[in-house]
Amino acid sequence: MNHIERSIAATLRQPGELVEHGLVPRVALGDLEKVAARYAVAVTPEMAALIDPSDPDDPIARQFIPSAAELVTQRNEDADPIADHSHSPVAGIVHRYPDRVLFKLVHICAVYCRFCFRREMVGPGKATALSPAAYDSALDYIRAHPEVWEVILTGGDPLMLSPRRLGAIMADLAAVDHVKIIRIHTRVPVADPARITGEMVAALRVEGATTWVALHANHARELTDKARAACAVIVDAGIPMVSQSVLLRGVNDDAAALEALMRAFVECRIKPYYLHHGDLAPGTAHLRTTLGHGQELMRALRGRVSGLCQPDYVVDIPGGHGKAPVGPNYVLDANSFSREQPGETRYRIIDYCGDVHLYPPKP
Ligand code: SF4
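In this report, the structure presented in the accompanying data block is examined. (Residues numbered from 1 in each chain as written. Predicted model: local features only at pLDDT ≥ 70, side-chain atom pairs only at ≥ 80, totals over all residues. Heavy atoms only, no water.)

### Comments concerning the site of the ligand
Where we set the bar: If even one non-hydrogen atom of a residue comes within 4 Å of a molecule or strand, that residue is called near it. Using only the protein atoms, space was sampled on a 1 Å grid; points where a 1.4 Å probe fits but cannot get out form cavities, open sets with protein on both sides within 12 Å along at least five of seven lines form pockets, and lining residues are those with an atom within 4 Å of a point. Pocket or cavity membership: a molecule qualifies when more than half of its atoms sit within 2 Å of the grid points of that site. Basically, the charged four are Asp, Glu, Lys and Arg, the nonpolar ten are Ala, Val, Leu, Ile, Met, Phe, Trp, Tyr, Cys and Pro, and anything else, Gly included, counts as polar.
Residues in contact with the ligand, as listed here, are Cys 109, Val 111, Tyr 112, Cys 113, Cys 116, Gly 156, Arg 187 and His 216. Placement of the ligand is best described as lying within the largest pocket. Taken together, the residues of the shell around the ligand sort by class into five nonpolar, two polar and one charged.

### Quick notes on the packing of aromatic side chains
The line we're drawing: Aromatic rings from Phe, Tyr and Trp, with only the six-membered ring used for Trp, were paired whenever their centres fell within 6.5 Å, and each pair was classed as stacked if the ring planes differed by under 30 degrees, edge-to-face if by over 60, and tilted otherwise. Here a strand is any run of E in DSSP of at least two residues, a helix any run of H or I of at least four, and the numbering for each starts at the N terminus. For each residue, the accessible area found with a 1.4 Å probe, counting protein chains only, is set against the maximum for its type, and the residue is called buried under 20%, exposed over 50%, and partly exposed in between. In this scheme, Lys NZ or Arg CZ marks a charge over a ring once it lies within 6 Å of the ring centre and within 35 degrees of the ring normal.
The final tally for this structure, using the stated rule, is two aromatic pairs. Taking 5.7 Å as the distance between ring centres and 15 degrees as the angle between the ring planes, the aromatic pair formed by Phe 103 and Tyr 135 counts as stacked. Of this pair, Phe 103 sits in strand 2 (residues 100-104) while Tyr 135 sits in helix 6 (residues 132-143), and the two are 32 residues apart along the sequence. Taking the relative accessible area as the measure of exposure, Phe 103 reaches 0% and is therefore buried. Between Tyr 273 and Tyr 274, the aromatic rings sit 4.0 Å apart at their centres with planes inclined by 25 degrees, giving stacked as the arrangement. The class of Tyr 274 is buried, set by a relative accessible area of 15%. For the cation-ring pair, Arg 100 lies above Tyr 97, with the distance from its terminal atom to the ring centre recorded as 4.0 Å. Above the plane of the ring of Tyr 39 lies Arg 119, whose end atom (NZ or CZ) is 3.6 Å from the centre.

### As for the nonpolar core
The following threshold applies: Residue types Ala, Val, Leu, Ile, Met, Phe, Trp, Tyr and Cys, when buried and joined through side-chain atoms within 4.5 Å, form a set referred to as a nonpolar core. Note on contacts: a residue pair is in contact if any heavy atoms of the two residues lie within 4.5 Å.
Counting 91 residues, the largest nonpolar core has Val 43, Phe 103, Ile 142, Val 151, Leu 153, Leu 173 and Leu 223 as the members making the most contacts within it. Other than its neighbours up to four places away in sequence, Ile 142 contacts Ile 93, Val 101, Phe 103, Val 148, Val 151, Leu 173, Val 176, His 178 and Val 179.

### What to know about the pattern of salt bridges
Note the threshold: A pair is scored as a salt bridge if a Lys or Arg side-chain nitrogen falls within 4 Å of a carboxyl oxygen belonging to Asp or Glu.
Within the structure shown, the criterion is met by 18 salt bridges. Residue Asp 31 pairs with Lys 34 through a salt bridge whose shortest N-O separation is 3.7 Å. Here Asp 31 pairs with Lys 34, and both are found in helix 3 (residues 29-38), just three residues apart, close to one helical turn. Glu 150 serves as the salt-bridge partner of Arg 183, at 2.8 Å between the closest nitrogen and oxygen. One end of the pair, Arg 183, is in strand 4 (residues 181-186); the other, Glu 150, is in strand 3 (residues 150-154), with 33 residues separating them in the sequence. For Glu 150, a relative accessible area of 9% puts it in the buried group. Several salt bridges converge on common partners, so that one network encompasses Asp 84, Arg 96, Lys 104 and Arg 118.

Structural data, given as structure tokens:
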């Protein structure tokens, strides 16, 4: 336990509080107040405790402590970078792919991530949750679309709801015959693990549908003992977990950091699922890297850890065209390398060390 964990009892929401606790220099206060006026700030005691204030490049601070760089919006950055709005048939629902919908219940989170692609829509000052009428309309939409097999609860963070409210929502969804999977995307088990109580986990289990929990974390240090215990409560209840992470410059954009993160997930019985390329959210350029660098990292990861530890590296195509896998290609010259015998194509395949082999080996 460091001095910050001992001295911070509540979530820090004001730049002045960040200064007071030594997490940012006083000289930055003016700029950070401008950032906080536009984008929500919240650093829970758990996350604050992980920050080393003497390290200007601390990977946890980069995720949660605002920066003056957020005041600069780059060309191509957009308030709604993956076009949630144009795929929203009714308030609270995003229907981008045929068999699944996002159901955005709340607009608040335990922490506010500086790279969030919904940063213009989350935080205090925005509508905190769907109104009862909007909730009913969203549910009616799901009921009226039998192709919806999976409902993804996102937001905001759905685990900011009370267990009682969440349980009622889960029951409503599970009562829809064609809804078989309810997936909950959350940062709460790492950001505020005390919220993962037996009551909360009981609310997640429901007759008639299978619950999955997708944990969002970006650095191995986030998987603290308390976070691991919270995840264990979820998995021990029979709820499978997957991970999602964002590739972030200065946080996890080196092979060792990614390796440690993926190993930590698997140790917690969480299957690595997605590594997202950073979305073109406003004021986030300083946290993005390039697709080429991401591919290099994925190639390096393949050489370091088993398939169990491999996420899919994906980019959400701006304009709402969905996710595309953008990981490295291990098959060179597919379908065109050599037709040495009629009807047989040979391929060049790269192994995990970078060496190239012919497949099939003999012509
Ligand atoms: S928890 Fe998720 S929705 Fe909330 S700020 Fe972080 S990335 Fe955005």
